[in-house]
Amino acid sequence: MRPLTERDIRSSFVNCTKGEATRMNVPRDLAERPWDDLDFFGWRDPQAPDRAYLVAEVDGRLQGVVLRSSHSAASQTRRSMCSMCVTTHTGGVSLMVAPKAGKAGKQGNSVGAYMCSDLACSLYVRGKKDAGQGSRLHETLTTEEKVERTLANVATFLAKVTA
């Protein structure tokens, strides 16, 4: 992924108002992020632990979405799989819910998916971050094919948010 600026990030959001995008907490360490290893940029809001953000490039255009997550006690003790990168975690996967864009979102409609709680899918796929023993299923896919699958899953999720 190309390095993003705060302006790039704030202007990419499709499921919140411009005012909400202006007020969101964007990480201050953008220059230190491993952009070459990221397929999308995701982060949790340190001021609101149930809020997360995801920005990806789809068809040459940046699309950002606001996400909400919940942590139940049961999800912290069993293994779950991220639907984006197919990494399994014990307590490291959350149901992330995004309000739909436009009129549907204003009516309360949303889309959800199970994702790595830290939104570090790109790093797990590349082996740059470890989710623990047994976190990666044995697959015959190359790293590039796993990256392509992750990108396709993210694009599909974003398409559901903007549909």
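The preceding data block contains the structure.
Position numbers for residues count from 1 along each chain, tracking the sequence in the order it is written. It should be noted that, the model being predicted, local features are given only for residues of pLDDT at least 70 and side-chain atom pairs only at 80 or more, the latter also being counted only at that level, while totals for whole chains, interfaces and linings use all residues. Based on all heavy atoms of the structure, the side-chain values leave hydrogens and waters out of the count.

With respect to topology, five strands assemble into an open sheet ordered β1-β2-β3-β6-β7, the strand pairing being antiparallel. The open sheet terminates on both sides in strands that have one partner only, identified here as β1 (40-45) and β7 (110-116). Within this sheet the neighbouring strands show an average axis-to-axis angle of 30 degrees, counted without direction. Strand pairing is defined by DSSP finding a minimum of two bridges between the two strands. Helix and strand assignments come from DSSP, with helices taken as H or I runs of at least 4 residues and strands as E runs of at least 2, each series counted from the N terminus. Where strand β6 (residues 93-99) and β7 come together, seven bridges link them in antiparallel fashion. Bridge pairing in β7 links Val93 to Cys116. The angle between two axes is taken between their N-to-C directions and runs from 0 to 180 degrees, where each axis is a line fitted to C-alpha atoms and a helix contributes only its stretch in contact.

Among the ten residues in strand β3 (residues 61-70), seven count as buried, and that is most of the element. The pairing of strand β2 (residues 48-58) with β3 spans eight bridges and is classified as antiparallel. Each residue of the ladder has a partner; that of Tyr53, found in β3, is Val66. Hairpin remark: β2 followed by β3, antiparallel, with two residues in the connecting loop; positive phi at Asp59, about 55 degrees. Here β3 pairs with β6 via three bridges, running antiparallel. Counted as the bridge partner of Arg68 is Val97 from β6. Whether a residue is buried, partly exposed or exposed follows from its accessible area with a 1.4 Å probe, protein chains only, as a fraction of its type maximum: under 20%, in between, or over 50%, in that order.

Right, let's get into unusual backbone geometry. Residue Asp59 is not a glycine yet carries a positive backbone phi of 55 degrees. Relative to the helices and strands, Asp59 resides in the loop between β2 and β3. For Asp59, a relative accessible area of 80% corresponds to the exposed category.

Look at helix α5 (residues 143-162): 29 Å from first C-alpha to last across 20 residues, which is about the 28 Å you get at 1.5 Å a residue. When we look at burial in α5, the residues that qualify are Lys146, Val147, Arg149, Thr150, Val154, Phe157, Leu158 and Val161. We call two residues in contact when some of their heavy atoms are within 4.5 Å. Check the buried side of α5 and you find it contacts β1, β2, β3, β6, β7 and α4 (121-125). By this rule, a helix spans an expected 1.5 Å times one less than how many residues it contains.

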